[in-house]
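Structural overview
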Amino acid sequence: MKGNEALALAAIHGGCTHFFGYPITPQNEIPEFLARELPKAGGLFLQAESEIAAVNMLYGAAAAGARAMISSSSPGLALMQEGISMLAATEIPCVIVNVMRGGPGLGGIQPAQSDYFQMTRGGGNGDYRIISLAPATLQESAEMMQEAFALAQKYRTPVFIVSDGMLGQMMEPVELNKSRSKERVAEQPWILTGHHNNRSPRTIKSLRLDPAELEIHNLRLQEKYKRISQAEVRFEAYREVDAELLFCAFGSTARIVKNSVDDLHQKGYRAGLIRPQTLWPFPALAFRSLPKSCRSVICVEMNCGQMLDDVKLAVEGRVPVHFYGRCGGMIPEPEELTARALDILSGDSQ
Amino acid sequence: MSVIFSKTSGLTETATHYCPGCTHGIAHRLVAEVLEELGLLGETIGCASVGCSILSYNYLNVDMIECSHGRAPAVATGIKRTVPEKTVFTYQGDGDLASIGTAEIVHAAHRGENITVIFVNNAIYGMTGGQMAPTTLAGQKTTTAPEGRQPEFSGLPLKMSEMLAQVPSASYVERVSLHHPKYIRKAKKAVLRAFTCQMEHRGFSLVELLSTCPTGWGLDPIDSLEWLEANMIPYYPLGVFRAPEEV
Ligand SMILES: Cc1ncc(C[n+]2csc(CCOP(=O)(O)OP(=O)(O)O)c2C)c(N)n1
Ligand code: SF4
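Notes on the structure follow. Starting afresh in each chain, residues are numbered from 1 along the sequence in its written order. Chains carry letters and ligands carry numbers; both start at the beginning, A for chains and 1 for ligands, and go up in the order they are written. Per-residue local features are limited, in this predicted model, to residues with pLDDT of at least 70; the limit for side-chain atom pairs, both in listing and counting, is 80 or more; totals at the level of whole chains, interfaces and linings are taken over all residues. Computation of side-chain values: all heavy atoms of the structure, hydrogens and water removed.

1. Section: the sheet that holds strand β3 (residues 68-72) of chain A
Residue and element names in this part refer to chain A. Heads up, the condition is: Strands are labelled as partners when DSSP assigns at least two bridges between them. Going along the chain from the N terminus, every DSSP run of H or I of four or more residues is numbered as a helix, and every run of E of two or more is numbered as a strand. Every axis in this analysis is a line fitted to C-alpha atoms, fitted for helices over the stretch in contact. Angles between the N-to-C directions lie between 0 and 180 degrees. Contact between two residues is taken to exist if any of their heavy atoms lie within 4.5 Å; hydrogens are not considered.
Strand order in this open sheet of 7 strands is β2-β1-β3-β4-β6-β5-β11, and the pairing throughout is mixed. The sheet terminates laterally at β2 (44-47) and β11 (278-280), the two strands that pair on one side only. Taken pair by pair, the neighbouring strands of this sheet meet at an average axis angle of 20 degrees, ignoring direction. Both strand β1 (residues 18-21) and β2 contribute to a ladder of 4 bridges, which runs parallel. Considered in β2, the bridge of H18 is made with L44. Against the sheet, helix α6 (residues 138-155) contacts β3, β4 (94-100), β5 (131-133) and β6 (158-164), and its axis sits at roughly 155 degrees relative to β6.

2. Considering the side chain of S73 of chain A
Residue and element names in this part refer to chain A. Applied cut-off: Accessible area is worked out with a 1.4 Å probe on protein chains only. A residue is then buried under 20% of its type maximum, exposed over 50%, and partly exposed in between. The term polar contact refers here to a pair of N or O atoms within 3.5 Å; inside protein, the definition further demands a hydrogen-donor-capable atom paired with an acceptor-capable atom, and it admits residues adjacent in sequence only when both atoms are side-chain atoms.
Of note, S73 is situated in the loop between β3 and α4 (74-90). Given a relative accessible area of 0%, S73 falls into the buried group. Looking at S73, its side chain comes within polar contact range of the main-chain oxygen of V99, at 2.6 Å. The residues touching S73, leaving out its near neighbours within four places in the chain, are I24, T25, P26, Q27, N98, V99, M100 and R101.

3. Some thoughts on the site of ligand 2
What counts, and what does not: For this description, a residue counts as near a given molecule or strand if any of its non-hydrogen atoms is within 4 Å of it. Residues were grouped as follows: Ala, Val, Leu, Ile, Met, Phe, Trp, Tyr, Cys and Pro as nonpolar; Asp, Glu, Lys and Arg as charged; and all remaining residues, including Gly, as polar.
Taken together, the residues surrounding ligand 2 are Y18, C19, C22, H24, C52, N122, G126, C213, P214 and T215 of chain B. Per-class residue counts for the shell around ligand 2 are 6 nonpolar, 4 polar and no charged.

4. Here we look at the interface of chain B and chain A
Just so we agree on the cut-off: Note on definitions: buried area is the accessible-area loss of two parts on being combined, 1.4 Å probe, summed for both. A carboxyl oxygen of Asp or Glu within 4 Å of a side-chain nitrogen of Lys or Arg is what we treat as a salt bridge.
Taken together, the contacts link 33 residues of chain B with 32 residues of chain A. Note on chain B versus chain A: buried area summed over both sides is about 2600 Å², and carbon and sulfur give 58% of it. For the chain B face of the interface with chain A, the top three residues by lost area are D63, E66 and R81 of chain B, together amounting to 22%. On the surface where chain B and chain A come into contact, there are 3 salt bridges. With a closest N to O distance of 2.8 Å, R111 of chain B and E49 of chain A form a salt bridge. Our count for the contact surface shared by chain B and chain A stands at 20 residue pairs in polar contact (both at pLDDT 80 or more).

5. Examining a negative patch on the surface
What counts, and what does not: Put simply, a patch holds well-exposed residues, over 30% relative accessible area, that have no salt bridge, with like charges counted together within 9 Å and Val, Leu, Ile, Met, Phe, Trp or Tyr side chains within 5 Å. For the area figures, the Shrake-Rupley method with a 1.4 Å probe applies, and any residue is considered shielded solely by the protein chains shown. By the counting scheme adopted, Arg and Lys are positive, Glu and Asp are negative, and His together with the chain ends is not counted. Lys charges are placed at NZ, Arg charges at CZ, Asp charges at CG and Glu charges at CD.
Taken together, the side chains of D220, D223, E226 and E229 of chain B make up a negatively charged region of the molecular surface. Here E226 of chain B lies in helix α9 (residues 221-235).

6. A look at helix α4 (residues 102-110) of chain B
Applied cut-off: Throughout, the arc means that of the directions going from the helix axis to the C-beta atoms.
For α4 of chain B, the full list of buried residues reads E104, I105, A108 and A109 of chain B. The buried residues of α4 of chain B all sit within an arc of 130 degrees when viewed along its axis, so they share a single face.

7. What to know about the site of ligand 1
Near ligand 1 you find 16 residues, and of these H24, C52, G95, D96 and G126 of chain B are the closest. Around ligand 1 the close residues trace back to chains A and B. One nitrogen or oxygen atom from the main chain of M127 of chain B is found 2.9 Å from an oxygen atom belonging to ligand 1. When ligand 1 is considered free in solution it has 590 Å² of accessible area, and contact with the protein chains removes 74% of it.

8. Focus on the packing of helix α3 (residues 51-63) of chain A against helix α2 (residues 72-82) of chain B
The relative placement of two packed helices comes down to the angle between their axes together with the axis-to-axis distance. Cut-off, in case you're wondering: Our angle categories are set so that under 35 degrees counts as roughly parallel, over 145 as roughly antiparallel, 65 to 115 as roughly perpendicular, and the remainder as oblique. With the far helix as reference, a near helix turned anticlockwise by less than a right angle produces a left-handed crossing, and one turned clockwise produces a right-handed crossing.
Where α3 of chain A meets α2 of chain B, the axes come as close as 6 Å, and the angle between the chain directions of the two elements is 45 degrees. With respect to each other, α3 of chain A and α2 of chain B are oriented oblique. The crossing of α3 of chain A and α2 of chain B is right-handed. Within the contact between the two elements, α3 of chain A uses A53, N56, M57, Y59, G60 and A61 of chain A and α2 of chain B uses A74, V75, T77, G78, I79 and T82 of chain B.

9. Considerations on α3 of chain A
All names here are of chain A. Keep this limit in mind: Multiply 1.5 Å by the residue count of a helix minus one, and that product is the helix's expected span.
The terminal C-alpha atoms of α3 lie 18 Å apart, and with 13 residues this matches the ideal 18 Å at 1.5 Å per residue to within 8%. Counting buried positions over the 13 residues of α3 gives 13, a clear majority of the element. With a side-chain oxygen positioned 3.3 Å from the backbone nitrogen of I52, the residue opening α3 is S50. Among the residues trailing α3, G65 stands out with phi positive, at a value near 100 degrees.

10. A short note on the pairing of strand β6 (residues 205-210) of chain B
Residues and elements named next belong to chain B. With 6 of 6 residues buried, β6 lies mostly within the body of the structure. Where burial is concerned, the two faces of β6 agree: the one with S205, V207 and L209 and the one with L206, E208 and L210 are both buried. Note that strand β4 (residues 116-121) and β6 share 6 bridges and pair parallel. Among the inter-strand pairings, N121 is bridged to a residue of β6, identified as L210.

In structure tokens form, the structure reads like this:
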């Protein structure tokens, strides 16, 4: 099963009832799969006229109690950002998948990770954060997809799944947890149902013209983000215990880095990997207590250095932080990473 | 003494923020009265749009959601496709519907979404201070067309009802006016037909309400009503542009 299809099927098992989408490569298998399969599972697939419309349909559906999701790829995500800011402001639970491709502009259709900023910094306006889950395998994609709906409900927030063209197009066996499929969205005091003439009308809104009121709302959101950053940080640490050189990479790049780490061990060097599974909240604590052996960190990304900012903030200057990136849809080879690592380990870091 | 007129329970007690002479208040009342008369207040979800009517959720006694500028028809689509048994409407100004939101309104009509659109056309951007809208009349002065709209530079005003009536899956499209009690009674019938259309699952219905914006137009309330009649109605003819057979 292709990565995109695994995500789509996992969404159905995660209880997704509504999907809105617009065609864009390399995520097309998600809407195509759901157009076939979601109606069979009692759900709704609707093709929107644009990504702008899709994110607003998502907003309406989730506000009316649907367990809804949308998916797109990089330029489509850029178009959705106004809507995502609205979803964050109004605290609507929903899931948004980004199967990243190269940018900027139309860029290309090959895999890239150049939306790290878009997925962690809030491309829309205002102070808000979105949980960003970054799988590295298809099994993890499926698990995170199912978990995303639960996290969205738990914190009343949109949740991103950050995939890329490589994960989306690759094939791998996946075992699906089918036990959660029947869960219904429980009646919530904010869902728009019509007031049945037995309660006062409900309003979902973001506009607060009184600055004091808006500040209170924003600080309450910040409280929630703080709770999320305390409870939901996830990362995988691989051969990090006595590492001299610590890699940091996420998603499909981390798979390639693992090969290089093993290769370095075979050559007699101690390398390790920290793989953020949540891009936000970023696993800064993995770098706060670096192993004593660690002399330098290298961040590897399929972009020109975006997660690098978070790694540097987390390392706080204790050891040098290097970077290796390929971009535009170019995929790094383990040999390139090993060569770069050997340069750093030999002290020739430039 | 018998009660011959009372306030509709479709409106809340909150005093509106609209300027004196603004017809948004009348448009609200028509929607509220119709929903009350159809017994739908408790079964309705409204979509407020960006414009002077953004705070309509404070005045209408129904569940409501605030939408980004122009996107109300897409939000309404998401709601209606989730709870098709509810009555779903959007309330949009002409900047919202005829400018930034043209794609969303055309495609809601294109899909034949079973929603009702209340389209308040006051030929100007009211909330942001009287700028030119796609509906601003030729020669009409606005803050961004200080010499008056020049068609050779900015084109001729968009006739949204005529445009939307051409969309194959649109069901009911009518233009009415709020400048005079006689016309307001007709407008109410149009709003009633539009919501009835939705109750009968006939698909996309839209009522365009020609409205005043005394503040944006720089006219007093009475002159505004006269200006509407003298200038808007000749360019924006009233009438039904599309109707399902039996409505
Ligand atoms: C994305 C975006 N662009 C611009 C605005 C600013 N804005 C607020 S109201 C408005 C115009 C609304 O005019 P109209 O729809 O004609 O409604 P009216 O106020 O006349 O009732 C604009 C442009 C906004 N809120 N959001
Ligand atoms: S600015 Fe115009 S549209 Fe807005 S409330 Fe005043 S009169 Fe009405």
